[in-house]
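The chain contents come next:
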Amino acid sequence: MKSDKLILLIILILIALNIFWPINYMKLKQHEQLQNSQFQLQNNSLNNELDFHKKLLTLTSFTTVLNQSAANRLNAKYPNFNSQQGFEKLIAFKFSENSCTTCILKIFQDLEILSDVIGQEKIIIFAPNPSFLNRYIDITTSMYKIIYIESLSLPQEQLNQPFLFMIHKNYYLSNFFFPDITSEETENYLGNLRHLFRK
């Protein structure tokens, strides 16, 4: 009789194990798959961030010449730019309607401080259109030179981030910079510009 009960108990235990073991195994596999997908997402996110910073580094060290269309518009604002009487260099600010709003506001605040040192006339704004620009500054009273243009055909525009750069004689472009609203690098960049324009 006891042996029958023992056999029945063993059978019940085996049945229970057969029921619960696959369920626990499936849960364990699902947990592993979830961890793997989370790791893959983190890895992809890290790779995307590294790719972005690598591209950013390449684009900030990039030098080129202003395209003919933009150069013609620049000449209209600065007729003597390429002559001995004109400015030797300008600071340019380019942004699009897809650019970070907070970033644009912060750059205009920084440019306001910088213009007290070098003068607003040495700062040129490349904006997509008057109505968009008017969200940030009063275009009727601003002393900045403004050129309305969607694109300068620069690779820097691919990032859809606002950026600063310098325009030299012969429309040579250099010193590209993508300001960070919390970074000390922005202050260092603007400090370098102040030094360059005092020469």
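Residues numbered from 1 in each chain as written. Predicted model: local features only at pLDDT ≥ 70, side-chain atom pairs only at ≥ 80, totals over all residues. Heavy atoms only, no water.

Colleague: Looking at this model, I keep getting lost on the state of the cysteines. Mind explaining?
Modeller: A covalent bond bridging the sulfur atoms of two cysteines is what the word disulfide describes. Summed over the entire model, instances satisfying the criterion amount to one disulfide. Here Cys100 connects covalently by a disulfide to Cys103, the sulfurs 2.4 Å from one another. On the sign convention where negative is left-handed, the bridge of Cys100 and Cys103, at about 80° about the S-S bond, is right-handed. (Disulfide = S-S within 2.5 Å.)

Colleague: Looking at this model, I keep getting lost on the nonpolar core. Mind explaining?
Modeller: Grouped burial of nonpolar side chains is what soluble globular proteins tend to show. If you look at the biggest cluster of nonpolar residues, it comprises 25 residues, and the most contacted ones within it are Phe93, Phe95, Phe108, Leu111, Ile125, Leu133 and Tyr144. Beyond its immediate sequence surroundings of up to four residues, Phe93 is in contact with Ile104, Ile107, Phe108, Leu111, Ile124, Ile125, Phe126, Pro162, Phe163 and Leu164. Within the second largest apolar cluster, 22 residues are counted, among which are Tyr78, Phe81, Leu154 and Phe165. (Core = buried A, V, L, I, M, F, W, Y, C linked by side-chain atoms within 4.5 Å. Buried < 20%, exposed > 50% of the residue type's maximum accessible area, 1.4 Å probe, protein only. Contact = heavy atoms within 4.5 Å.)

Colleague: Where do I start with the packing of aromatic side chains in this structure?
Modeller: Aromatic ring pairs are defined here through the distance separating the ring centres and the angle between the ring planes. Within the structure shown, the criterion is met by 14 aromatic pairs. Plain terms: the ring middles of Phe95 and Phe132 are 6.0 Å apart, the flat faces sit at 40° to each other, and that makes the pair tilted. Linking Phe95 in the loop between strand 2 (89-94) and helix 3 (101-118) with Phe132 in helix 4 (residues 130-133), this pair joins segments that are 37 residues apart in sequence. Neither Phe95 nor Phe132 differs from the other in exposure class; each is buried. Between Phe163 and Phe176, the aromatic rings sit 6.1 Å apart at their centres with planes inclined by 45°, giving tilted as the arrangement. Here Phe163 is found in strand 5 (residues 163-168), whereas its partner Phe176 is found in strand 6 (residues 172-177), with 13 residues between them in sequence. Comparing Phe163 with Phe176, the two get one shared label, buried. Pairwise contacts between aromatic rings join Phe93, Phe95, Phe108, Phe132, Tyr136 and Tyr144 into one cluster. We note Lys145 situated over the ring of Tyr78; from NZ or CZ to the ring centre the distance is 5.6 Å. (Phe/Tyr/Trp six-rings, centres within 6.5 Å; stacked < 30°, edge-to-face > 60°. Helix = DSSP H or I, 4+ residues; strand = E, 2+ residues; numbered from the N terminus. Lys NZ or Arg CZ within 6 Å of the ring centre and 35° of its normal.)

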